[in-house]
Amino acid sequence: MSNEAIKQFADREYKYGFKTDIALAKFVKGLSEDTIRIISHHKKEPEFMLEFRLDAYRRWLKMKEPHWPEAEYAPIDYQNVIYYAEPKQATEKPKSLDEVDPELLRTFEKLGISLMEQKKLAGVAVDAIFDSVSVGTTFKGKLKEAGVIFCSFSEAVQEYPELIKKYLGTVVPVTDNFFAALNSAVFTDGSFVFVPKGVRSPMELSSYFRINTEGSGQFERTLIICEDNAYVSYLEGCTAPKFDTNQLHAAVVELVAMDNAEIKYSTVQNWFAGDPKTGKGGIFNFVTKRGKCQGKNSKISWTQVETGSAITWKYPSCLLMGDNSVGEFYSVALTNGKQQADTGTKMIHVGKNTRSTIIAKGISVGHSNNNYRGLVQIGKNADGARNYTQCDSLLVGSHCNANTFPYHDIQNPTAQIEHEASTSKISEDQLFYFLSRGIGQEDAMTSIISGFCKDVFKELPGEFAVEATQLLGLKLEGATG
Amino acid sequence: MTGKYLIMNKEMKINSKPYREEVLKWKPEPTAGGELARIREQAFHRFQELGFPTRQHEAWKYIYLDSILNTVYTPASASGIETDQGSLPSSVRISSLESGFEKLPHVYQNWLKNRIAVEENVFSLINEFQNKEGLLVFYSKNMILERSLQFSLTVPEPSGSEPFIFYPRICFVLEEGVKAEVILNHSSFTQHPYFMNAMVDIYLAEGAELRLSSIQHGIADTSAFMKIAATLQKKSRFEMISFTQGGLTSRQETQVDFRGSEASCHLKNLSVLRGVSRFYQHATANHYAGECQSNQLFKTILAGEAQSEVNSLVHVVRDAQKSESRQLNRNLILSDKARIYSRPQLKIYADDVKCSHGAATGQLDDSELFYLRSRGISKEQARLMMTLAFAEEVIQLIEPKTLRDEIEKIVKKELEGIVKH
């Protein structure tokens, strides 16, 4: 491949870099117990939430920021982060989407998210999070009819405090890691999903995260619970405007699946990645995502398409506690410019006959750094556990790198663990084949890369598979040569 | 004819402090001079800077070091290396590292100095300043030695009942075009508990080829650390076949640095671990030059309460184009209490490479077992056949035949014991 082609391939613009000028009602900068009290007060939270936050904060103070991932960044000043930013709205709380600031709705429209009820045809329920608060959730009524609770986390705290109290922090404990502790102390909003016994959610659920305010951090918290025989498919998408300063995104996602329940969690992450040439700005995406297959025959499936963020550091994991439970992880991580990604999964097999599959595809372009890091742990009592792992890396250009760090910890003789990995570049032969048939370099490369990611894309729910393919194409735009 | 390169501890010093404190008391010998003495001081300072590793260090995450660091070890009364050198042609020289180092051509002296300056393994650094008399084996240009030289790491007459410690050290330098075979043997010679901290340096000049067979067995009550560091110049080839039964705490670290293009290395290991045997295996291939090939195959059979770690890494630096590497780790777990940690890792900074790795852990296949049983073979016999077949892939590579037969016998006996349970 010519160097020119690679250069053009690597030079592409971030489409979602615009900023919405919208008045902020409240914002809180700096971190202290007072900050936490203010956040809790603004949200009119019950006492147990404040205690949960303060406990997390006190523990966080004693923790050290980890530096083991293969990522380099300037130290984060935790006092210089806006912990709470809320868009100003006409009324205190919008009763319906008609009352939401039109500017805000336009933002989401620009992002291709249909918040307006008339766009029901899209057939997907959306919860949109703007900076620190949820601005609206669609299709609430229809979902409620089916018995599915889908609302913002703050609403859930008000309306279903007993559920929050029961499940919050049970999958990702407060002390799990530095960023999870920070999130537990200061999280502002997020989505809450509860699917009761025997209910299949009638539609795909989706939340959309947008960081708009410069210097603000987004600390969202998502909690999804599927009771016995229930099913839900959930998708999140993320963007942020272009700023020269780094922004911190430290989210926590907790999933709980009971007997025979299934949760499918898909992410298309396209946070602003920083300036591709200087590496300035961009989101620090330090996220803790974990699902617990608590019940028998339960299943949790993570699918992620990671294309944004200056630094991505996340390992969506499965705790396979219930017998015969299944964990899956499908991932595409595309890094370009000066992006750094250290991502992978943890499959912790505890129950008998538990199975897990890991398919991870890493694509490094430009001067980026792309790492897969994953753990497969088979506990003493996990008889008959199975794991299959495949992680492939594709290098485009000679200034990027791809690392693979798989960890296996096996304590049971009946386990069957297979791991395969390969690293290579786009083959000249494949490219030649396309070119000789009159297909341009850019299309050829996009096709080859889409083919490389096919195993993951086919796991995404219908429309999102299309979206992800388009996003990848967009990211690879400008590759003509 | 055998050669013995032993160092006698004339004034038997009795240590009273645990190892972690004793090591810090090192002082350079007052009479020592020359380049090697300076290197030792440098190694000591580097050790002081780094300190002992803890579980926070990736490379030492699973190993229980306290059992070594808290033990009071007495230096062995005599320790060293025995060889079966026989009559050697004049183009192969075996001498003490002390006397041989000053005579080494500068290029090799510099190599050794530079290598030690960047050493990360703290125990290798300790070997560096603690070993009293290492061995230097030097092959002059284009020497082709048909038979293999055997080196045994040993303490001839351990005295007293105290745990003792010794630091064997061998340095192989192969000039251009040399072809050589070496057997490195560390097997039981005493019932006394001891700690061996060994270091092997290998330099292969352009076109040189070395085949190293490393055997470690019957050292159940022993803690044994060994670091093998090989530097490969253009078109050289390094092949290492190792067999181990582990020990109380046993660790082997192999590091291959490609410094010239078109070189290749082949690292193969078979571990058969039972009882409370522990074996921690680390292998790194650093592709600092392009067009090199590295191959790694690690097979482990675990029974009883054995524990093992297989940590392999292939590192391809920027511009080391056309590198090729393969890593394969296969583990057979035969008991409930055995445990394996496997980490086949890749760090790739060049795009025109072909690197693959695979790891598989499992048990004996039921359908295969059924096949054998249905042909009237007893369960025990069938299990033995299948386990042995798993091991043979590595055993078959051992040369010469006499050694291969010996290892096969040891493995067979060991597996017979394992499948009975």
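Residues numbered from 1 in each chain as written. Chains lettered and ligands numbered in written order. Predicted model: local features only at pLDDT ≥ 70, side-chain atom pairs only at ≥ 80, totals over all residues. Heavy atoms only, no water.

This part is about the overall build of chain A. In terms of regular secondary structure, chain A is built from 11 helices and 24 strands. Here chain A holds 481 residues, and 65% of them are scored as buried. Looking at chain A alone, contacts between residues at least 24 apart form 84% of all its contacts between residues at least 6 apart. (Helix = DSSP H or I, 4+ residues; strand = E, 2+ residues; numbered from the N terminus. Buried < 20%, exposed > 50% of the residue type's maximum accessible area, 1.4 Å probe, protein only. Contact = heavy atoms within 4.5 Å.)

For the rest of this paragraph, the subject is the overall build of chain B. For chain B, the helix and strand inventory stands at 9 helices and 21 strands. Computed over the C-alpha atoms, the radius of gyration of chain B is 21 Å, within 12% of the 22 Å expected from 2.2 N^0.38 for a compact globule of 421 residues. Summarising its shape, the C-alpha atoms of chain B cover approximately 70 × 55 × 45 Å along the three principal directions. Relative to its full complement of 421 residues, chain B shows a buried share of 60%. Long-range contacts, defined as pairs at least 24 residues apart, comprise 86% of the intrachain contacts of chain B with a sequence gap of at least 6. (Rg over C-alpha atoms; globule rule 2.2 N^0.38 Å.)

Attention now moves to the pairing of strand β21 (residues 354–362) of chain B. For strand β24 (residues 416–425) of chain A and β21 of chain B, the ladder comprises 7 bridges, and the chain directions are antiparallel. Within β21 of chain B, the residue paired with I417 of chain A across the bridge is T361 of chain B. Summarising the sheet, strand β19 (residues 324–333) of chain B and β21 of chain B pair through 9 bridges and their orientation is parallel. Opposite Q327 of chain B, over in β21 of chain B, you have H357 of chain B as the bridge partner. (Pairing = 2+ DSSP bridges.)

On to the side chain of R211 of chain B, then. Of note, R211 of chain B is situated in strand β11 (residues 209–217). Only 2.3 Å separates the side chain of R211 of chain B from the backbone oxygen of L397 of chain B, close enough to count as a polar contact. (Polar contact = N/O pair within 3.5 Å; in protein donor to acceptor, adjacent residues only side chain to side chain.)

Attention now goes to helix α8 (residues 379–395) of chain B. Residues and elements named next belong to chain B. In this model α8 runs 24 Å from its N-terminal to its C-terminal C-alpha over 17 residues, within 8% of the 24 Å that 1.5 Å per residue would give. When the local axis directions of α8 are compared, the greatest deviation, roughly 30°, occurs at A389. Where the residues of α8 are buried, they touch β13 (237–244), β15 (264–273), β17 (293–302), β19, α7 (366–374) and α9 (401–420). (Expected span 1.5 Å × (residues − 1). Bend = angle between axes of the 7 residues up to and from the residue.)

Turning to the packing of helix α2 (residues 33–42) of chain A against helix α3 (residues 47–61) of chain A, a few remarks are in order. Residues and elements named next belong to chain A. One can describe the packing of α2 onto α3 by two numbers: an axis separation of 10 Å at closest approach and a directional angle of 155°. Accordingly, the angle class assigned to the pair α2 and α3 is roughly antiparallel. Between α2 and α3 lies a crossing of right-handed hand. Between α2, through E33, I36, R37, I39 and S40, and α3, the contact on the second element is made entirely by L50, R53, L54, Y57 and R58. Looking at side-chain class alone, the contact of α2 with α3 contains 5 nonpolar, 1 polar and 4 charged residues. (Axes fitted to C-alpha atoms, helices over the stretch in contact; angles between N-to-C directions. Parallel < 35°, antiparallel > 145°, perpendicular 65-115°, else oblique. Left-handed = near helix turned anticlockwise from the far one by under 90°. Nonpolar A, V, L, I, M, F, W, Y, C, P; charged D, E, K, R; others polar.)

Per the counting criterion, the structure on display carries 43 aromatic pairs over all chains. For the pair F150 of chain A and Y234 of chain A, a centre-to-centre distance of 6.4 Å together with 90° between the ring planes defines the contact as edge-to-face. Here F150 of chain A, found in strand β5 (residues 149–152), pairs with Y234 of chain A, found in strand β9 (residues 231–239); they are 84 residues apart in sequence, far enough to count as distant. Take F150 of chain A: its relative accessible area is 3%, and that puts it in the buried class. Relative to F172 of chain B, the ring of F151 of chain B has its centre 5.5 Å away and its plane inclined at 80°; by these criteria the two rings are edge-to-face. Within this pair, whereas F151 of chain B is found in strand β6 (residues 149–154), its partner F172 of chain B is found in strand β8 (residues 169–174), the two being separated by 21 residues in sequence. Just as F151 of chain B is buried, F172 of chain B falls in that class too. (Phe/Tyr/Trp six-rings, centres within 6.5 Å; stacked < 30°, edge-to-face > 60°.)

Right, let's get into the interface of chain A and chain B. Tallying the contact residues gives 32 residues for chain A and 34 residues for chain B. Remark: the boundary between chain A and chain B carries 2 salt bridges. In this structure, R339 of chain B and D409 of chain A form a salt bridge, with 2.7 Å as the shortest nitrogen-oxygen distance. Inspection of the chain A/chain B interface yields 16 residue pairs in polar contact (both at pLDDT 80 or more). (Salt bridge = Lys/Arg side-chain N within 4 Å of Asp/Glu carboxyl O.)

This part is about the nonpolar core. With 107 residues, the main nonpolar core has Y139, F151, F172, I202 and F238 of chain B as its most contacted residues. Setting aside its immediate chain neighbours within four residues, I202 of chain B contacts W111, F172, L210, L212, I228, A229, A230, T231 and F238 of chain B. By size, the runner-up hydrophobic cluster in this structure holds 96 residues, among which are V174, I225 and A310 of chain A together with I126 of chain B. (Core = buried A, V, L, I, M, F, W, Y, C linked by side-chain atoms within 4.5 Å.)

All names here are of chain B. Each assigned domain of chain B is listed with its residue range as follows: domain 1 (3–260) and domain 2 (366–421). Just the C-alpha atoms count here: the centres of domain 1 and domain 2 sit 33 Å apart. Taken together, the 10 residues of domain 1 in the interface contact 10 residues of domain 2. Interface area lost by domain 1 to domain 2 is led by I241, F243 and Q245, which between them contribute 43%. Taken together, the links from domain 1 to domain 2 amount to 0 salt bridges. Run the count over domain 1 and domain 2 and you get 2 residue pairs in polar contact (both at pLDDT 80 or more). Looking at the side of domain 1 that touches domain 2, the elements that each hand over two or more residues are β9 (179–187), β11 and β13. Broken down by element, the residue count for the side of domain 1 that touches domain 2 peaks at 4 residues, all from β11. When grouped by side-chain class, the residues that make up the side of domain 1 that touches domain 2 number 4 nonpolar, 4 polar and 2 charged. (Domains from an automatic or database assignment. Buried area = accessible area lost by both parts, 1.4 Å probe.)

Turning our eyes to something else, we now look at the packing of helix α9 (residues 428–436) of chain A against helix α10 (residues 441–457) of chain A. How two helices sit against one another is set out by the angle between their axes and by the gap between those axes. All names here are of chain A. Two elements in contact, α9 and α10, have axes whose closest approach is 9 Å; the angle formed by their N-to-C orientations is 130°. What the angle tells us is that α9 and α10 run oblique. In this structure, α9 meets α10 at a crossing whose hand is right-handed. The segment α9 lies against α10, with Q430, L431, F434 and L435 engaging Q441, A444, M445, S447 and I448. Tallied by class, the residues present in the contact of α9 with α10 amount to 6 nonpolar, 3 polar and no charged.

The final tally for this structure, using the stated rule, is 41 salt bridges over all chains. Two residues, D392 of chain A and K361 of chain A, come together in a salt bridge whose shortest N-O distance is 3.2 Å. Of this pair, D392 of chain A sits in strand β22 (residues 386–396) while K361 of chain A is found in strand β20 (residues 355–365), placing the two residues 31 residues apart along the sequence. With a closest N to O distance of 3.9 Å, R46 of chain B and E120 of chain B form a salt bridge. Here R46 of chain B is found in helix α2 (residues 34–50), whereas its partner E120 of chain B is found in the loop between α5 (106–117) and α6 (122–130), with 74 residues between them in sequence. Overall, R46 of chain B belongs to the buried group, its relative accessible area being 17%. Bridged by salt links that share partners, the residues R115, E119, E128, R169, D201, K227, R251 and E253 of chain B form one connected network.

This prediction gives chain B a mean pLDDT of 89; 94% of its residues lie at or above 70. The ipTM value of the predicted complex is 0.81, and its pTM value is 0.84. (pLDDT = per-residue confidence, 0-100.)

Attention now moves to empty space enclosed by the protein. All names here are of chain A. In total, this model carries 10 cavities of 30 Å³ or more according to the counting rule given. When its volume is computed, the largest cavity comes out at roughly 140 Å³. For the lining of the largest cavity, the secondary-structure elements that each account for two or more residues are β17 (326–335), β20, β21 (369–378), β22 and β23 (401–410). The greatest single-element share of the lining of the largest cavity, amounting to 5 residues, is contributed by β20. (1 Å grid on protein atoms, 1.4 Å probe; cavity = no way out; pocket = protein on both sides within 12 Å on 5 of 7 lines; lining within 4 Å. Points joined across faces, edges and corners; volume = space filled by probe spheres on them.)

Residues and elements named next belong to chain A. Counted by the stated rule, this structure contains 0 disulfides over all chains. Distance from the sulfur of C226, which forms no disulfide, to the nearest cysteine sulfur (C293) is 11 Å. For the unlinked cysteine C318, the closest cysteine sulfur is that of C293, found at 5.6 Å. On the accessibility criterion, C318 (0% relative accessible area) is buried. (Disulfide = S-S within 2.5 Å.)

So, on to the pairing of β20 of chain A. Residue and element names in this part refer to chain A. Extensive coverage of β20 is indicated by the burial of 9 of its 11 residues. Here β17 pairs with β20 via 10 bridges, running parallel. Its bridge partner being in β20, T335 is matched across the sheet by S364. Alignment of β20 against β22, held across 11 bridges, turns out to be parallel. Each bridged residue has a counterpart across the sheet, and for K361 the counterpart in β22 is D392.

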